[in-house]
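A look at the structure
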Amino acid sequence: MTENNQKKTFQYTYSAGDQEEIKKIRSKYLPKEENKMDQLRRLDEQVTQRATMYSLILGVLGTLILGAGMSLCLLKSGMAFALGILIGVIGMAVLGMAYPLYQRILKKEREKAAPEILRLTEELMK
């Protein structure tokens, strides 16, 4: 055998653990492909997120108003006490509207998302 016929090469293979780590790192940089099940989950999550967000904002606002009324009730003045009761009742009313607001927004969002969700579920069930 001559020296020209011999090819000197070096090959290295990574272990299984290294291969998994390489795949994880590589997957971070690949474009994300959203399948139909992922789309369905995302749509369903969006419906409830918007309703939750608005009802939480209203609930926090009502809690702050109620707290302001309670603080006024602690003052020595009779006028501040009466005003505190009035503001506290308003805060309770705002708090009481949070759940009906959640239900109303949830219903509207479900109606908007229903055609797309039903289409995706039909495709997935077949």
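Here, every reference points to the structure presented above.
Structure report, in brief. (Residues numbered from 1 in each chain as written. Predicted model: local features only at pLDDT ≥ 70, side-chain atom pairs only at ≥ 80, totals over all residues. Heavy atoms only, no water.)

This brings us to the overall build of the protein. The secondary structure content of the protein amounts to 4 helices and 0 strands. Each helix and strand of the protein, placed in order from N terminus to C terminus, yields the pattern α-α-α-α. Pairs at least 24 apart in sequence give 73% of the contacts found in the protein among residues at least 6 apart. Carbon together with sulfur atoms contributes 62% to the accessible area of the protein, which is approximately 10,700 Å² in total. (Helix = DSSP H or I, 4+ residues; strand = E, 2+ residues; numbered from the N terminus. Contact = heavy atoms within 4.5 Å. Areas by Shrake-Rupley, 256 points an atom, 1.4 Å probe, with all protein chains shown as cover.)

The next subject is helix H3 (residues 78-96). Over its 19 residues, H3 extends 27 Å from the first C-alpha to the last, a length consistent with the 27 Å expected when each residue adds 1.5 Å. Among the residues of H3, those classed as buried are Ala80, Gly84, Gly88, Gly91 and Val94. Relative to the axis of H3, the buried residues are bounded by an arc of 115 degrees and lie together on one face. In H3, the exposed positions that point more than 90 degrees away from the buried face belong to Gly78, Met79 and Met92. Turning to H3, the residues buried within the fold contact helix H2 (36-73) and helix H4 (98-125). Looking at where H3 begins, the residue whose side-chain oxygen comes 3.2 Å from the main-chain nitrogen of Met79 is Ser77. (Expected span 1.5 Å × (residues − 1). Buried < 20%, exposed > 50% of the residue type's maximum accessible area, 1.4 Å probe, protein only. Arc of directions from axis to C-beta. Polar contact = N/O pair within 3.5 Å; in protein donor to acceptor, adjacent residues only side chain to side chain.)

On to the side chain of Ser55. One can find Ser55 in helix H2. By relative accessible area, which is 12% here, Ser55 ends up buried. With residues up to four places along the chain from it excluded, the contact list for Ser55 reads Ala98, Leu101 and Tyr102.

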